[in-house]
Amino acid sequence: MISQKVQVIACGAIAREVIAILRMNKLAHVDLQCLPAIYHARPEKIAPALETAIAEARANGFDRIFIGYADCGTGGAIDRLCEREGVERLSGPHCYSFFAGNDDFAARWEDDVTAFFLTDFLARQFEAFVIEPLGLDRHPELKDMYFSNYTKLVYLSQEEDEALQEKARWAADYLGLSYEYRHTGYGDLGPELIKAARA
């Protein structure tokens, strides 16, 4: 029987998937705290926010803490924090990699180097997390500047949902990119969360 309380501190962009994995595996002793997904627009905010959340988790009596982030554009700041605090994080450079499976993502990189990736979260929130932060709603002429080096949009789906696929196709058309769909499920996220919860 597992009794040790575990706090997962994760990116809000993967909250739905983390909750699904915890429920499917009956990991009721794991508590999820999410930081705002929009921090990805300002990755320098992620490590300081994690540091605060780790301190709060310890003050609240959590025996184990696991970081539900990959590197996520922090340039190693999350790794340095994990080393200082004695905690572990999700492996890989970003969520596209661990959803695809880190080994598979690395093996495909030569073909995908000009790909713009979406997950279920980004397919749902394309306007709020891509169009608006980049100012494309106000300055559509910036689209070519931001996306001229991309050739395709690759949608890495966690759920097989036709409505989300339509949203992803729309995003590809909006950006002027070819569209590719890959159903990944939860990739490496599931095994890593389960391992952290049962360690």
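Structure shown above.
Fair warning: this is a prediction, and the values are worked out from it, not measured in the lab.

What counts as what
Residues numbered from 1 in each chain as written. Predicted model: local features only at pLDDT ≥ 70, side-chain atom pairs only at ≥ 80, totals over all residues. Heavy atoms only, no water. Salt bridge = Lys/Arg side-chain N within 4 Å of Asp/Glu carboxyl O. Helix = DSSP H or I, 4+ residues; strand = E, 2+ residues; numbered from the N terminus. Buried < 20%, exposed > 50% of the residue type's maximum accessible area, 1.4 Å probe, protein only. Contact = heavy atoms within 4.5 Å. Core = buried A, V, L, I, M, F, W, Y, C linked by side-chain atoms within 4.5 Å. Pairing = 2+ DSSP bridges. Axes fitted to C-alpha atoms, helices over the stretch in contact; angles between N-to-C directions. Phe/Tyr/Trp six-rings, centres within 6.5 Å; stacked < 30°, edge-to-face > 60°.

Peer 1: I would appreciate a short explanation of the pattern of salt bridges in the present structure.
Peer 2: Two side chains carrying opposite charge are able to pair once their charged atoms lie near each other. Within the structure shown, the criterion is met by 12 salt bridges. Residue aspartate 137 pairs with arginine 138 through a salt bridge whose shortest N-O separation is 3.2 Å. Here the residues in one salt-bridge network are Asp112, Lys152, Glu180 and Arg182, joined through shared partners.

Peer 1: What should I look at first to understand the side chain of arginine 182 in this one?
Peer 2: Structurally, arginine 182 is set in strand β7 (residues 178–183). You can call arginine 182 buried: its relative accessible area is 13%. Setting aside its immediate chain neighbours within four residues, arginine 182 contacts Arg108, Asp112, Lys152, Val154, Tyr155, Leu156 and Ser157.

Peer 1: Teacher, can you tell me more about the nonpolar core here?
Peer 2: The nonpolar side chains of a soluble globular protein tend to be buried, and buried together. Judged by nonpolar contacts, the single largest core of 58 residues is most densely connected at Ile14 and Ile67. Ranked by residue count, the leading element in this core is helix α2 (residues 46–59), at six residues. Counting six residues, the second largest nonpolar core, distinct from the first, contains Phe105, Ala115, Phe117 and Leu156.

Peer 1: Can you walk me through the sheet that holds strand β6 (residues 152–157) in this structure?
Peer 2: The strands that make up a sheet are held in pairs by hydrogen bonds between backbone atoms, and each pair lies either parallel or antiparallel. With respect to topology, three strands assemble into an open sheet ordered β5-β6-β7, the strand pairing being parallel. At either end of the open sheet lies a strand with only one pairing partner, and these are β5 (115–118) and β7. Going across the sheet, the axis of each strand differs from the next one's by a mean of 25°, ignoring polarity. One ladder, built from six bridges, connects β6 with β7; its direction is parallel.

Peer 1: What is the right way to look at the packing of aromatic side chains in this model?
Peer 2: Aromatic rings in a pair are described by how distant their centres are and how their planes are angled relative to each other. Counted under the stated rule, the structure contains 12 aromatic pairs. Geometrically, the ring pair formed by phenylalanine 105 and phenylalanine 117 is tilted, given 5.3 Å between the ring centres and 50° between the ring planes. Linking phenylalanine 105 in helix α5 (residues 102–112) with phenylalanine 117 in strand β5, this pair joins segments that are 12 residues apart in sequence. For the pair shown, phenylalanine 105 and phenylalanine 117 are each scored as buried. With a centroid separation of 5.2 Å and an interplanar angle of 85°, the aromatic rings of phenylalanine 116 and phenylalanine 147 are classed as edge-to-face. In this pair, phenylalanine 116 sits in strand β5 while phenylalanine 147 sits in helix α8 (residues 142–147), placing the two residues 31 residues apart along the sequence. The exposure class of phenylalanine 116 is buried, given its relative accessible area of 15%. Classification of phenylalanine 147 by relative accessible area gives buried; the value is 6%.

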